[in-house]
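Given next are the chains, with one letter for each unit.
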Amino acid sequence: DLEILQGYMGFGGILGHEFVGKVIQLHPSASQSLHDQWIGQRVCGDINIGCCNFSSSNSSNDDDDEDGTTNTSSSCCTICNNKSNYNQSNIQMSRNHCPNRTVLGILNQNGTFAEYMTLPLSNLHVVPHSIPDEIAVFAEPLAAACRVVEQGLVQFRYGGGEECRGGDRVAILGDGKLGLCIAEILGREYLQAVAMHQKQGMKGGIAPHPPVLFGKHVHKLDLVSESGVQRRLVKECYTDETTMEEVSPDHANQYDVVIDSTGNPNGLTLAMTLCRPMGRLILKSTCAAGVKGFNSAPIVIDELQVIGSRCGPIDKALELLEGNSTEGVTENGVVVSAPLRMEKYITESFPLSRVRDALECAAKKSTMKVQLVMENN
């Protein structure tokens, strides 16, 4: 939201794309079964609205889907129209990459900083009763962190036999909200790999490496002290922590995967330096400002794979927020995890009438998450 206020995407409507709300009204043509299913439900939602999602009803139209959206070849782009005919990756492409999409609070679609909003039913996800509102609202940013796993960009495994080492060495840059969410997700992935290995009674092999989170603020890094990641100040990457100009040999070209979630256009330069030749550079930052004097030569010379990563699976995020009361690995090898604890990220809550104060608070470097509460609840 702060980047949008700086001109990102040229948006001029109502801000806000993270929310939890209650369904109070459907389109007049929606069937009674849809009313019975949705009215009163507490929901959060996908922020991308594809061209097949603009319809509103499940009435007498034979082309209407059961979820209340219309899906006809005449009204859909080729991406959305083919999403049901391909594998899961095509469904994800439709979710994120419809060329005609609008994006909640970001692109041609008014957002969540209001008492009322509209979204297609196909975008909505019912929030489990066990998740309170202030936690459920984390579903969207947590889903963006889950997208890295959904894309299959990081592997934590035990090496053995012909493998020379165990899994990927991963560096996460940035201790902002998104960087910490990514640390929560990848730290859990790492711990689950270790737990599975131990449960199956495996011996030997090279253990996977814990992901490393680099940030500027000790108090923010401490928020993920139990997540499974190693935490380091970003200045430790450099030979001289004062000038922070030359990257130390201990970190230069040492990571198979580097995730830039700094929110700073200059973070890309450090990310390229940390990434090993032929490694994967994952970009999560979206910045209104560009990178002055950007040198792309290292990408070509080191043959880096540069991969964008955007919105992710809301249902997976809700699953992580709901979790289970006990942790461990079941007899049949299923990893069971406790709920992710997100309360620690909430800095302050404001009523909607104080939205300007909320934005000022969000702009402070010490702030983690600011929430707006609708006053008519």
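Counting restarts for each chain: residues are numbered from 1 in the order of the written sequence. In keeping with the model being predicted, local features are shown solely for residues with a pLDDT of at least 70 and side-chain atom pairs are shown and tallied solely at 80 or more, while totals for entire chains, interfaces and linings include all residues. Note that the side-chain values use all heavy atoms of the structure and ignore hydrogens as well as water.

A closer look at the overall build of the protein
Then, number 1: To qualify as a helix, a DSSP run of H or I must reach at least 4 residues; to qualify as a strand, a run of E must reach at least 2; elements of each kind are numbered from the N terminus. Secondary structure summary: the protein contains 12 helices and 15 strands in total.
Then, number 2: Here the protein, with 377 residues, has 45% of them falling under the buried criterion.
Then, number 3: Should any heavy atoms of two residues lie within 4.5 Å, those residues are counted as being in contact. Long-range pairs, those at least 24 residues apart, make up 64% of the contacts in the protein with a sequence separation of at least 6.
Then, number 4: Here, Shrake-Rupley sampling with a 1.4 Å probe gives the accessible areas, and only protein chains in the shown set may cover a residue. Counting only carbon and sulfur atoms, one obtains 48% of the accessible surface of the protein, whose full area is about 19,100 Å². Burial classes: relative accessible area under 20% of the type maximum marks a residue as buried, over 50% as exposed, and values in between as partly exposed (1.4 Å probe, protein chains only).

Observations regarding the sheet that holds strand 8 (residues 230–233)
Then, number 1: Any two strands are treated as partners once DSSP identifies two or more bridges connecting them. One open sheet holds the six strands; their spatial order is 8-7-6-9-10-11, and the pairing between them is parallel. On the outer flanks of this sheet lie strand 8 and strand 11 (305–308), each paired with one strand and no other. Averaged over all pairs of adjacent strands, the angle between strand axes in this sheet comes to 20°, irrespective of strand direction.
Then, number 2: Where helices are involved, their axes are fitted lines through C-alpha atoms of the stretch in contact, as for all axes, and angles between N-to-C directions lie from 0 to 180°. Against the sheet, helix 9 (residues 267–274) engages strand 6 (170–173), strand 9 (255–260) and strand 10 (275–283), with an angle of about 145° to strand 10.

Description of a negative patch on the surface
Then, number 1: A patch consists of residues whose relative accessible area exceeds 30% and which take part in no salt bridge; residues with like charges are grouped when within 9 Å of each other, and nonpolar side chains (Val, Leu, Ile, Met, Phe, Trp, Tyr) when within 5 Å. For salt bridges, the criterion is a side-chain nitrogen of Lys or Arg within 4 Å of an Asp or Glu carboxyl oxygen. Think of it this way: Lys and Arg go in the positive column, Asp and Glu in the negative one, and His and the chain ends go nowhere. Charged side chains are reduced to one point each, which is NZ for Lys, CZ for Arg, CG for Asp and CD for Glu. Where like charges cluster on the molecular surface, the negative patch consists of Glu 236, Asp 240, Glu 241, Glu 245 and Glu 246.
Then, number 2: Mapping Glu 241 onto the fold places it in the loop between strand 8 and strand 9.
Then, number 3: Residue Glu 241 is classed as partly exposed on the basis of its relative accessible area, which comes to 40%.

Observations concerning unusual backbone geometry
Most peptide bonds take the trans form, and the phi angle of most residues other than glycine is negative.
Then, number 1: The phi dihedral of Asn 253 is positive, around 60°, even though this residue is not glycine.
Then, number 2: Counting through the fold element by element, Asn 253 comes out in the loop between strand 8 and strand 9.

Regarding the state of the cysteines
Then, number 1: Cysteine sulfurs are considered disulfide-paired once they come within 2.5 Å of each other. Summed over the entire model, instances satisfying the criterion amount to zero disulfides.
Then, number 2: This cysteine, Cys 146, is not joined by any disulfide, and Cys 181 carries the nearest cysteine sulfur, 8.8 Å off.

Digging into the sheet that holds strand 1 (residues 21–22)
The strands that make up a sheet pair up through hydrogen bonds in the backbone, lying either parallel or antiparallel.
Then, number 1: Strand order in the open sheet made by the three strands is 1-2-5, with antiparallel pairing throughout. The strands lining the two open edges of the sheet, one partner per strand, are strand 1 and strand 5 (124–126).
Then, number 2: Two strands pair when backbone bridges link them, and strand 2 (residues 42–45) and strand 5 are joined in this way by three bridges, in the antiparallel orientation. In the strand pairing of strand 5, Gly 45 is matched with Leu 124.

Examining the pairing of strand 14 (residues 346–351)
Then, number 1: One ladder, built from five bridges, connects strand 14 with strand 15 (residues 369–373); its direction is parallel. Its bridge partner lying in strand 15, Glu 348 is registered against Val 370.
Then, number 2: We call a crossover right-handed when, viewed with the strands running away from us, the connection from the first strand over the helix to the second turns clockwise. Handedness of the β-α-β unit built from strand 14, helix 12 (residues 355–362) and strand 15 comes out right-handed.

Overview of the pattern of salt bridges
Then, number 1: Taken as a whole, this structure holds nine salt bridges when the rule is applied.
Then, number 2: Across the salt bridge formed by Asp 168 and Arg 280, the nearest N and O atoms sit 2.8 Å from each other. Of the two residues, Asp 168 is situated in the loop between helix 6 (139–150) and strand 6 and Arg 280 in strand 10; the sequence distance between them amounts to 112 residues.
Then, number 3: One salt bridge in this structure joins Arg 354 and Asp 357, with 3.0 Å as the shortest N-O distance.
Then, number 4: The exposure class assigned to Arg 354 is partly exposed, which follows from its relative accessible area of 37%.
Then, number 5: A relative accessible area of 32% places Asp 357 in the partly exposed class.

Description of the packing of helix 6 against helix 11 (residues 314–322)
Then, number 1: Contact pair helix 6 / helix 11: the axes reach a minimum separation of 8 Å and the direction vectors enclose 110°. Judged on the interaxial angle alone, helix 11 and helix 6 are roughly perpendicular. Note on element contacts: helix 11 touches helix 6 through Ile 314, Lys 316, Ala 317, Leu 318, Leu 320 and Leu 321, opposite Ala 139, Glu 140, Leu 142, Ala 143 and Cys 146.
Then, number 2: All residues other than Ala, Val, Leu, Ile, Met, Phe, Trp, Tyr, Cys, Pro, Asp, Glu, Lys and Arg, Gly among them, are scored as polar; the first ten of these are nonpolar and the last four charged. When grouped by side-chain class, the residues that make up the contact of helix 6 with helix 11 number nine nonpolar, no polar and two charged. To sort the angles, those under 35 degrees are grouped as roughly parallel, those over 145 as roughly antiparallel, those from 65 to 115 as roughly perpendicular, and the leftovers as oblique.

Here's the deal with empty space enclosed by the protein
Then, number 1: Only protein atoms enter the 1 Å grid used here. Points where a 1.4 Å probe fits but cannot escape make up a cavity, open sets with protein on both sides within 12 Å along at least five of seven lines make up a pocket, and a residue lines them when an atom lies within 4 Å of a point. Grid points are joined across faces, edges and corners, and a volume is the space filled by probe spheres set on the points. Within the structure shown, the criterion is met by one cavity of 30 Å³ or more.
Then, number 2: Space inside the largest cavity adds up to approximately 50 Å³.
Then, number 3: What lines the largest cavity is Asp 46, Ile 47, Asn 48, Arg 95, Asn 96, Glu 140, Ala 143, Cys 311, Gly 312 and Ile 314.
Then, number 4: Looking at the lining of the largest cavity, the elements that each hand over two or more residues are helix 4 (88–97) and helix 6.
Then, number 5: Classifying every residue of the lining of the largest cavity by side-chain character gives four nonpolar, three polar and three charged.

A closer look at the environment of Arg 231
Then, number 1: Inspection of the secondary structure assignment puts Arg 231 in strand 8.
Then, number 2: The spacing of Arg 231 and Ile 172 is 59 residues in sequence and 9.7 Å in space, taken between C-alpha atoms.
Then, number 3: The contacts of Arg 231, once residues within four sequence positions are left out, are Leu 213, Leu 221, Asp 222, Val 224 and Ser 225.

Thoughts on the nonpolar core
A general trend in soluble globular proteins is that nonpolar side chains are found buried together.
Then, number 1: With 44 residues, the main nonpolar core has Leu 142, Ile 259 and Met 342 as its most contacted residues.
Then, number 2: Only helix 5 (133–136), helix 6, strand 6, helix 7 (177–199), strand 9 and helix 11 provide two or more residues apiece to this core.
Then, number 3: Ranked by residues supplied to this core, first place goes to helix 7 with nine residues.
Then, number 4: Tyr 255, Leu 270, Met 272 and Ile 299 belong to the second largest nonpolar core, which has 20 residues in total. Grouping buried Ala, Val, Leu, Ile, Met, Phe, Trp, Tyr and Cys residues that are joined through side-chain atoms within 4.5 Å yields what is termed a nonpolar core.

Quick word on the side chain of Glu 140
Then, number 1: In this fold, Glu 140 is placed in helix 6.
Then, number 2: In this structure, Glu 140 is in contact with His 17, Glu 18, Ile 47, Cys 311 and Ile 314, ignoring residues within four places of it in sequence.

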